[in-house]
Amino acid sequence: MLRMYVGLFCLFFVNHSLAQKVPKPDFSVERGFYEKPFKLKLKSELKGTIYYPLDGTYPTDSTSLIYKKPILINKNTVVKAYLQSRGEKASKVDVHSYLFVAQVLDQPDSMPGWSRPMINTDYAFGRVKFSYGMNPEVVNQDREAMIESLLSIPSVSLSMDIESFWKMTLGFDEVPVSSEVLFPDKPEYNTQAFSGIEGVSHKHLKRNYRLSFKKKYGDGKLKTELLKKYSPLNRKSATKKLDR
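Within any chain, residue numbers begin from 1 and follow the written order of that chain's sequence. Selection of residues for local features in this predicted model requires a pLDDT of at least 70, selection of side-chain atom pairs for listing and counting requires 80 or more, and totals for whole chains, interfaces and linings are taken over all residues. Hydrogens and water are ignored here; the side-chain numbers use all heavy atoms of the structure.

Remarks on the overall build of the protein
- The secondary structure listing takes helices from DSSP runs of H or I that are at least 4 residues long and strands from runs of E that are at least 2 residues long, numbered from the N terminus. Scanning the protein for helices and strands turns up 5 helices and 18 strands.
- Any residue under 20% of the maximum accessible area for its type is buried, any over 50% is exposed, and the rest in between are partly exposed; the area is computed with a 1.4 Å probe on protein chains only. Out of the 244 residues belonging to the protein, those deemed buried represent 45%.
- Contacts between residues were defined by any pair of non-hydrogen atoms, one from each residue, lying within 4.5 Å. Sequence-distant contacts in the protein: of pairs separated by 6 or more residues, those separated by 24 or more amount to 61%.
- Total accessible area on the protein is roughly 14,100 Å²; 52% of this is exposed by carbon and sulfur atoms. Throughout, the Shrake-Rupley method with a 1.4 Å probe supplies accessible areas, and for residues the shown protein chains are the sole cover considered.

Notes on a positive patch on the surface
- Surface patches are defined over residues having more than 30% relative accessible area and no salt bridge, joining like charges when they lie within 9 Å and nonpolar side chains (Val, Leu, Ile, Met, Phe, Trp, Tyr) when within 5 Å. Salt bridges are identified by distance alone: a Lys or Arg side-chain nitrogen within 4 Å of an Asp or Glu carboxyl oxygen. Think of it this way: Lys and Arg go in the positive column, Asp and Glu in the negative one, and His and the chain ends go nowhere. One atom stands in for each charge, and that atom is NZ of Lys, CZ of Arg, CG of Asp or CD of Glu. There is a patch of like positive charges on the surface, built from Lys24, Lys92, Lys215, Lys223 and Lys241.
- As for its placement among the helices and strands, Lys92 is situated in the loop between β9 (77-85) and β10 (94-99).

Some words on the pairing of β10
- Along β10, 6 of the 6 residues are buried, which leaves the element largely enclosed by surrounding structure.
- Here β10 shows two buried faces, one formed by Asp94, His96 and Tyr98 and the other by Val95, Ser97 and Leu99.
- Alignment of strand β3 (residues 32-33) against β10, held across 2 bridges, turns out to be parallel. When the sheet's bridge partners are listed, Phe33 is paired in β10 with Leu99. We call two strands paired when DSSP finds no fewer than two bridges between them.

Points about helix α3 (residues 143-150)
- Turning to α3, its buried residues are Met146, Ile147 and Leu150. Around the axis of α3, the buried residues are gathered within 95 degrees of arc, so they sit on the same side. Within α3, the exposed residues directed more than 90 degrees away from the buried face are Glu144 and Glu148. Comment: arc refers to directions from the helix axis out to C-beta atoms.

Some points on the environment of Tyr52
- Along the chain, the position of Tyr52 falls in strand β6 (residues 48-52).
- Separated by 15 residues in sequence, Tyr52 and Tyr67 place their C-alpha atoms 6.9 Å apart.
- Apart from residues lying up to four places away in sequence, Tyr52 is in contact with Leu42, Ser64, Leu65, Ile66, Tyr67, Ile71, Lys80 and Ala81.

Printed below as a string of structure tokens:
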């Protein structure tokens, strides 16, 4: 079973025809789980400008921040960055999720900029208000045990913009998303790919989502050790490339 951390960030890729010829920026800290704040450095061997937003907006050279000094990461953050070379060629966007599990436990039901609509369900109590947080009555019974549980199996970090989130959640549209598989015990297996995502089981309290890795979003496959390392059956024959 996989848990999904649906990121509250805008994630897309720069669709330039020459993007493959320019390498993506290097991140000094790998994606994954952390307990203490740290400073993230972005660099590139090519001369140019590295752009990155931290407010969930689409990364562009006109709206994003220009990297000049290390970035303090002290909360759950998704960093998107790309390099604009001096020859006007742009790299693809690289995406790194940095998760502080203790903060995940304390995420509130309401957050600035995020609405809480009433959702129709097929349960006896009918309509319920959308919630973003974990149940504090459950979390606070044994926080250490909760943290240990969240770090006991791999997680998937999904990142998209707000508009796409609601299209996926309340409708039937497939929208672009960044998908990262994060291994708490084997960070060297962490990986990222762009895909499409659509919501299903719309009338259930807990929604299901389907990922589709297609060429129009990125490489068309998610390369991961997930099934090889964690499948309960047939690990030896399990694939390392997923298309959904």
